[in-house]
Amino acid sequence: MTSFDTSPQLNLWRALLALAVVFLMLATTGWTAVRQSRETGALRASLAAWEDGRIGGRRLPDPHTAPDRLARFFASLTAPQRTALARRYPLAVGNMNGAPLELRYRANRIALRAQARIERARVHDSRLSPAGQHEAGRRLHRFEAMSSPDREILAFDPEGAGRAAEVFGDLGRAERISVVVPGVDTALLTFQRTYRRYSAPVGMAQALYRAEHAVSPATRTAVIAWADYTSPAGLGIDSATAMRAEYGAVRLAALLRALPGGAPVSLFCHSYGSVVCGVAAPALPRRVTDIAVAGSPGMRVETAAQLRTSARVWAMRDADDWVRDVPYLELGGLGHGADPVSAAFGARVLSARNADGHGGYFEPGTDSLRNFAGIGTGAYLSVRCADGDDVCRAGLSGTTAGGRA
């Protein structure tokens, strides 16, 4: 006898009802609120000051101009002049695609220390509530840790919940580059965690960097923990639409176009991060050879071919990941389209054995992390397919550390 609980028609109606509820919430709380998220506060002030600035008697270039033009500008300066700009406009330089990597790291260290001083004062500000002082203490601790000389912060924005990106490995000399794109609830205070370490961007990137070295010790790799977009907060309205992803996709594509050298790039997109990667896909540079998604609610398309990218598309989902129960459809801007691990989608489906739920894909010892490392180093024949066969490796031949297979 057919169960009403498993009826495809009933499941569809439930999905449509859920989307209708979200649509009503969206309409009553304001659809356009998220679209107004742009650079504000300290970063905006630093960029404005840069636009009015001069060095050596000449005006500074538009900070939003093409990265190659900015690179030529910085190359034309003396070392003391570059250092002066980093000290004078630390947030602008630290977030500027086209600025030299070491200069960005130095500028962000300066900016982080300045923000730490602000938070240190707020900790003792009697005008703040105890909760506000506690929050200031948490931010102070985070900024002090991130400003350590051994950390390479590629982007930093303290405004609101904040944004950041960090590099592991030598990005300038890397033969393969991996970028970790996280999902909901990603902010400065969740950029790294002690508890559930590998569910936060820093832990994800560190685990991947070590796993890549284990797979291919001779390959020079670099991994970027990229939390440089304003992610949805929780599983509410923002996470049901692509509005956050649209802005994040612009930022992601800009970063990738500005990366140094010509090393192949792989994207590892978790949860809502896969929505960002899906929206960004048509605009990605050709050096992006692989897009791997884990625990994805969808990529805003019905098939991998509709992503309009030359990159290989990989997908995985652990058996006990709750995201399998989300409505895999898009209706009136709500929902994110087809299930990337479904046969009809057309991705290369990977094993995620031992991943343990939605946040466990980067845990050491899992098939998911080993598979990510194989993709990140170009060791495609080392990856394990979801069904224990070799379907996901079809058409791939050997290790392709230098480019496409």
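Rules of the game
- Residues numbered from 1 in each chain as written.
- Predicted model: local features only at pLDDT ≥ 70, side-chain atom pairs only at ≥ 80, totals over all residues.
- Heavy atoms only, no water.
- Buried < 20%, exposed > 50% of the residue type's maximum accessible area, 1.4 Å probe, protein only.
- Helix = DSSP H or I, 4+ residues; strand = E, 2+ residues; numbered from the N terminus.
- Pairing = 2+ DSSP bridges.
- Right-handed = clockwise from strand over helix to strand, strands pointing away.
- Phe/Tyr/Trp six-rings, centres within 6.5 Å; stacked < 30°, edge-to-face > 60°.

Undergrad: Honestly, the pairing of strand β6 (residues 221-227) in this entry has me stumped. Any pointers?
TA: Moving residue by residue along a regular strand, the side chains alternate between the two faces of the sheet. Across the seven residues that make up β6, a large majority, seven, are buried. Judged by which residues are buried, β6 turns out to be covered on both faces: Thr221, Val223, Ala225 and Ala227 on one side and Ala222, Ile224 and Trp226 on the other are all buried. In the sheet, strand β4 (residues 163-169) pairs with β6 via six bridges, with the strands oriented antiparallel. Bridge pairing links Gly169 to Ala222 in β6. Where strand β5 (residues 176-181) meets β6, five bridges bridge the pair, whose relative direction is parallel. Bridge pairing in β6 links Val179 to Ile224. As for the winding sense of the linkage, the β-α-β connection from β5 through helix α8 (residues 201-215) to β6 is right-handed.

Undergrad: Please explain the packing of aromatic side chains as it appears in this structure.
TA: Taken as a whole and judged by the stated rule, the model has nine aromatic pairs. Ring centres 6.2 Å apart and planes at 80° place the aromatic pair Trp50 and Phe73 in the edge-to-face group. In this pair, Trp50 is assigned in helix α2 (residues 41-51) and Phe73 in helix α3 (residues 67-75), connecting sequence segments 23 residues apart. Accessibility classification places Trp50 together with Phe73 in one group, the buried group. Judged by centre distance (5.4 Å) and plane angle (75°), the ring pair of Phe143 and Phe156 falls under edge-to-face. Of this pair, Phe143 sits in helix α7 (residues 130-146) while Phe156 is found in strand β3 (residues 152-157), placing the two residues 13 residues apart along the sequence. Relative accessible area serves as the criterion here: at 1%, Phe143 is assigned to the buried category. Each residue in the set Trp50, Phe73, Phe74 and Tyr89 is aromatic and connected to the rest through ring pairs, giving one cluster.

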